[in-house]
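# Architecture and fold: a report
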4 protein chains.
Amino acid sequence: MVEQANTNAKWKEKAFNIIFKADTFWGKFFDAILLVAIFLSVLAVVLESVGRIRLNYGTYFLWAEWIFTGFFLIEYILRIIIVKKPWNYIKSFFGIVDLLSILPSLLAFVFAGAQSLMIIRSLRLLRIFRIFKLTQYLGEATQLSTALMASRKKITLFIATVMILVSIMGAVMYLIEPPESGFTDIPRGIYWSIVTLTTVGYGDIAPITPLGQIVASFIMIMGYGIIAVPTGIVTSEMNRSRFKVDSRSCENCGAKQHGDFAKFCHNCGEKLPPIS
Amino acid sequence: MVEQANTNAKWKEKAFNIIFKADTFWGKFFDAILLVAIFLSVLAVVLESVGRIRLNYGTYFLWAEWIFTGFFLIEYILRIIIVKKPWNYIKSFFGIVDLLSILPSLLAFVFAGAQSLMIIRSLRLLRIFRIFKLTQYLGEATQLSTALMASRKKITLFIATVMILVSIMGAVMYLIEPPESGFTDIPRGIYWSIVTLTTVGYGDIAPITPLGQIVASFIMIMGYGIIAVPTGIVTSEMNRSRFKVDSRSCENCGAKQHGDFAKFCHNCGEKLPPIS
Amino acid sequence: MVEQANTNAKWKEKAFNIIFKADTFWGKFFDAILLVAIFLSVLAVVLESVGRIRLNYGTYFLWAEWIFTGFFLIEYILRIIIVKKPWNYIKSFFGIVDLLSILPSLLAFVFAGAQSLMIIRSLRLLRIFRIFKLTQYLGEATQLSTALMASRKKITLFIATVMILVSIMGAVMYLIEPPESGFTDIPRGIYWSIVTLTTVGYGDIAPITPLGQIVASFIMIMGYGIIAVPTGIVTSEMNRSRFKVDSRSCENCGAKQHGDFAKFCHNCGEKLPPIS
Amino acid sequence: MVEQANTNAKWKEKAFNIIFKADTFWGKFFDAILLVAIFLSVLAVVLESVGRIRLNYGTYFLWAEWIFTGFFLIEYILRIIIVKKPWNYIKSFFGIVDLLSILPSLLAFVFAGAQSLMIIRSLRLLRIFRIFKLTQYLGEATQLSTALMASRKKITLFIATVMILVSIMGAVMYLIEPPESGFTDIPRGIYWSIVTLTTVGYGDIAPITPLGQIVASFIMIMGYGIIAVPTGIVTSEMNRSRFKVDSRSCENCGAKQHGDFAKFCHNCGEKLPPIS
């Protein structure tokens, strides 16, 4: 019994190294196969939506869909079995994405067209960063997301203010412009304000009266300045986050702003503590 | 009499804490109720503008409008009564917004459609920052607006230059392009220049002659560089403003704006305290 | 005779102070009158281009045009007479603009519509910075233009590279797309590339084939990165130029990075030299 | 024989100085002639694509095309003959561009319209930086490309994430919007997402249902924040790369990347030379 449990544990550990890690040959091999399968299944979903292709090769796509879903289902169950704390995996970002990648095929029985939601599988492609130079990319991602998280409050404040501005401008344009120019109600006015302020400018709704065009000009020039704000926030945070990473104080003189690479203090020449 | 005045003062103070502050339970409760009412009244204005909804539920919206206006009117009068310096409140940003939130309903008697102006109530939603983590958000807002205020002059100069450029380009395009392409007069040319320089690009007016397209190309590439200027200004100011916020005051003369690296006060030469 | 020359010189100096400077009351008064006249004459040019207005008030505009041109002609001649080195004034930026502001009215005899060029008068409005807080705005302008001048080479290199890229992409799209989508020749393809890369996107020319849309997607995402380059250049130069302005070295210890406001060195407490 | 070999070597060296370098008068002269020829041949390709011009002057363009191709072919063969390591030249960036500049004329025998690919000759114009102030521009280019190379990983990560986002949004819009609004399949949805997220906004495909417009608004506001990321990356790298360029080397160990403020080497603790 003990021996069997041992064998079981060994088998689990081996499977864990292959499926969850990417250090060994077979681990890399499995991840590569998985990524190709994910990519092909996403491609199948995308191509199936094209009317002409669906008409000619519809049954092939149906088969492919079920094969991929079956493969991902087996993989998902395997992951739950071999991981030590299954619940932690299920609750994790990739655990939820893995589950969501299987569900739409089943949903397609009930709602026609639900298989388009299988596009969510593309999120699994993010695993690719695990294979190629994992740590480096994760470092960059951490730096990026740290900068974004640090400016979370500024961005919330900024979006809230923009939403209020956009509502008022949408209502003003609805009052000024005749319905013929597309401003038939305030929600459409707000939609137009967002399209204009973000400088997308489809042109499906556009002011035609002189007064409307004057107000629109003000909004655009305002948008000019407003677009600078998130850029300023992110750039500023990025500079700061780099400094945070770089910063060790000298134990002798207290000087700061030492690069990651520095071994000695730039102010007094004292040896610096290693990076923790 | 004294007792009554006392009771009166107590009542006023209690009401002041509930209506103007958000520290106590009832203060938070009142602010939450108020924000929900503001949000619902803004939503009602937005939805009422949609033709199909107005036809079916028009009378309900009329009732909602009067109930909200009545509620806000009572609240406004209460605020004036209980605040110590009513005139200061009336002249403040929120005082003016509170008044403007009530007026459009009355204006609607005279001008049809004036109730759309009630959208201005959405500005009252800015009070939301008072309830959730007040000080932090205000700190961020202060930092943002400090950066914008500090670059006020640069931005004025920039907008003035852009307005002059845009006028000249609008007139040039009006000379080059035939009226069929939409350049029927100089104001429309200026409107097109703004739409193009801000990279909005509706496409309702677009050059069709080769010469016009060449000039437009120059304008677009110029706009490429010009859009970098406000971003540069704001980013630059933000970096600077962070320095200001981070700095230590001198214990001798109170001067601020010392860099992280500074050991002595730049104003009086006193030794600075270490960075905590 | 000497007395008369003296009177003449005095009269010239007085006129010089009024017309060229803005320190005295009459100097400010003259500049204010001039700016109003310039603004009104520009407004007249803009409004006259609107067909409906020209039909109804055409003769008034004709009169206004001649009165303004006469006024500016007299002013121009006066400036040449009273300035000490007339040729320097004529060759200066404002001298050329002043001359160009008068010419179009005369040109209008030969070429119909040439009066639209009078819009160039709007450049004279830049004098406004002379009246209100002159030095401050000039300081800002100098800082802005120093940053732009310093990044002159980088911007030239950038624009040259963009022009070559845009030519190649325009030719590729002309090969891929059928003429029905608007890509009738390479110049139109280049025009489309510029419209797309600058994110203006009129939509008058847009790819319709799948291959064309894939290539267009690559161009847009590339444009995403490319738009970051001028912003990065200007922001970077602005940070640098601010530091340049702020920089004095301590004569005792050689430390740098002292703010404009600093009186003492942050490193050793020594008194700093004044800003030269 | 030796003498002849000598003469041959001398002739080669002379030709090398003229064709590959731009220091002597004849070197500059040759480069100038070459650049004019390249520019004219590119212009010919561009103009020939215009239907009206081709009809009238088609034969002239045919002649010009063959003359230019012949000239460039001779030049290419000369370069291979006179350079010491021909294979290194052929494999270099300019070697490949030079070859690609000749091929399309020959390809045009087989595929009609292939001569449009001759636009690739415009890449040869990059040689222009060799003539005018070579080193300075190359310095700028190096700085720019260093900044871009340093942020290579961040940009890859960013584009991969954007591609996945764009796929999911494209599929969601395909589910929400009816085919009449242009979302006929997922690839078109993805194309629309890219057009919207990059703020190009042609307007050939645009949401018409209220739900679709709400989702589109979210995408646009998200795009607002996303556009800030590459700008932040490039600006941040540019600031960093400037630090690298500005720095002093340690006289003891040769380490670089010392800040302006540093007094001691961060690598060996040696005293640094003062900033010159």
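Remember, predicted model here, so these are calculated numbers, not experimental data.

You can read the domains of chain A as domain 1 (2-137) and domain 2 (152-240). Taking only C-alpha atoms, the centre of domain 1 of chain A and the centre of domain 2 of chain A are 41 Å apart.

For the α-helix, the turn length of 3.6 residues means that residues three or four positions removed from each other point alike. Residue and element names in this part refer to chain D. Listing the buried residues of helix α5 (residues 93-100) in full gives Gly95, Val97 and Asp98. End-on, the buried residues of α5 take up no more than an arc of 165°, which puts them together on one face. Looking at the packing, one finds that the buried side of α5 touches α3 (51-82) and α4 (86-91).

All names here are of chain A. Taking the UniProt record as the reference, the feature "transmembrane region" (unreviewed entry) is found at residues 29-48, 60-82, 102-120, 155-176 and 214-234. Helix and strand shares over residues 29-48 are 100% and 0% respectively, and the end C-alpha atoms of the span are 28 Å apart. With 100% helix and 0% strand, residues 60-82 has its two end C-alpha atoms placed 33 Å apart.

So, on to the pattern of salt bridges. One pass over the full model with this rule turns up eight salt bridges over all chains. Its salt-bridge partner being Glu75 of chain C, residue Arg79 of chain C comes within 2.6 Å of it at the nearest N-O pair. Separated by four residues within a single helix, Arg79 of chain C and Glu75 of chain C lie in helix α3 (residues 51-82), roughly one turn from each other. Arg79 of chain C gets classed as buried once you look at its relative accessible area, which sits at 1%. Asp98 of chain D serves as the salt-bridge partner of Arg79 of chain D, at 4.0 Å between the closest nitrogen and oxygen. Highlighted residues: Arg79 of chain D in helix α3 and Asp98 of chain D in helix α5, separated in sequence by 19 residues. Comparing Arg79 of chain D with Asp98 of chain D shows no difference in burial state: the two are buried. One salt-bridge network, held together by shared partners, links Glu75, Arg79 and Asp98 of chain A.

Let us look at helix α11 (residues 210-226) of chain A. With 17 residues, α11 of chain A extends 24 Å between its outermost C-alpha atoms, agreeing within 8% with the 24 Å of an ideal straight helix rising 1.5 Å per residue. Those residues of α11 of chain A lying buried are Gly212, Gln213, Ala216, Ser217, Ile219, Met220, Ile221, Gly223, Tyr224 and Ile226 of chain A.

A few words now on the packing of helix α9 (residues 152-176) of chain D against helix α11 (residues 210-226) of chain D. Residues and elements named next belong to chain D. Put simply, α9 and α11 touch, their axes get as near as 10 Å, and they point 170° apart. One element, α9, and the other, α11, form an angle in the roughly antiparallel class. Contacts from Phe158, Val162, Leu165, Met169, Met173 and Ile176 of α9 reach α11 at Leu211, Gly212, Val215, Ala216, Ile219, Met222 and Ile226. For the contact of α9 with α11, the residue count by class is twelve nonpolar, one polar and no charged.

Over the atoms, a rolling probe the size of a water molecule traces out where space has been left empty. All told, the structure shown has nine cavities of 30 Å³ or more when counted by the stated rule. In this structure, the largest cavity encloses a volume near 170 Å³. Considered class by class, the residues forming the lining of the largest cavity number four nonpolar, eight polar and no charged.

Take the confidence of the model for chain A next. Residue and element names in this part refer to chain A. Averaged over all residues, the pLDDT of chain A is 78; the fraction at 70 or higher stands at 76%. Per-element confidence in chain A ranges from a low mean pLDDT of 60 for helix α7 (residues 128-131) to a high of 92 for helix α10 (residues 186-197). Contacts from residues 242-247, a stretch scored under 50 in pLDDT, to residues over four places away or in other chains number ten contacts. Reported confidence for the predicted complex is 0.77 by ipTM and 0.80 by pTM.

All names here are of chain B. In the Ramachandran plot, Thr199 falls in the positive-phi region, its phi being about 60° despite a non-glycine side chain. Structurally, Thr199 is set in the loop between α10 (186-197) and α11 (210-226). Thr199 sits in the buried class, given a relative accessible area of 5%.

On to the packing of aromatic side chains, then. Overall, the coordinates contain 36 aromatic pairs over all chains when judged by the stated rule. Taking 5.2 Å as the distance between ring centres and 70° as the angle between the ring planes, the aromatic pair formed by Phe183 of chain C and Trp192 of chain C counts as edge-to-face. Judged by relative accessible area, which is 1%, Trp192 of chain C ranks as buried. Here the aromatic rings of Tyr57 of chain D and Tyr60 of chain D are separated by 6.4 Å at their centres, their planes lie at 50°, and the arrangement is tilted. A residue pair is termed a helical-turn pair when its members lie 3 or 4 positions apart in one helix, as Tyr57 of chain D and Tyr60 of chain D do in helix α3 at three residues. Among the residues examined, Tyr57 of chain D registers a relative accessible area of 46% and is labelled partly exposed. With relative accessibility at 59%, the residue Tyr60 of chain D sits in the exposed group. These aromatic residues form a ring-pair network of at least three members: Phe25, Trp26 and Phe29 of chain A.

Conventions used here
- Residues numbered from 1 in each chain as written.
- Chains lettered and ligands numbered in written order.
- Predicted model: local features only at pLDDT ≥ 70, side-chain atom pairs only at ≥ 80, totals over all residues.
- Heavy atoms only, no water.
- Domains from an automatic or database assignment.
- Buried < 20%, exposed > 50% of the residue type's maximum accessible area, 1.4 Å probe, protein only.
- Helix = DSSP H or I, 4+ residues; strand = E, 2+ residues; numbered from the N terminus.
- Arc of directions from axis to C-beta.
- Contact = heavy atoms within 4.5 Å.
- UniProt positions renumbered as here; feature names shortened; annotations may be inferred.
- Salt bridge = Lys/Arg side-chain N within 4 Å of Asp/Glu carboxyl O.
- Expected span 1.5 Å × (residues − 1).
- Axes fitted to C-alpha atoms, helices over the stretch in contact; angles between N-to-C directions.
- Parallel < 35°, antiparallel > 145°, perpendicular 65-115°, else oblique.
- Nonpolar A, V, L, I, M, F, W, Y, C, P; charged D, E, K, R; others polar.
- 1 Å grid on protein atoms, 1.4 Å probe; cavity = no way out; pocket = protein on both sides within 12 Å on 5 of 7 lines; lining within 4 Å.
- Points joined across faces, edges and corners; volume = space filled by probe spheres on them.
- pLDDT = per-residue confidence, 0-100.
- Phe/Tyr/Trp six-rings, centres within 6.5 Å; stacked < 30°, edge-to-face > 60°.

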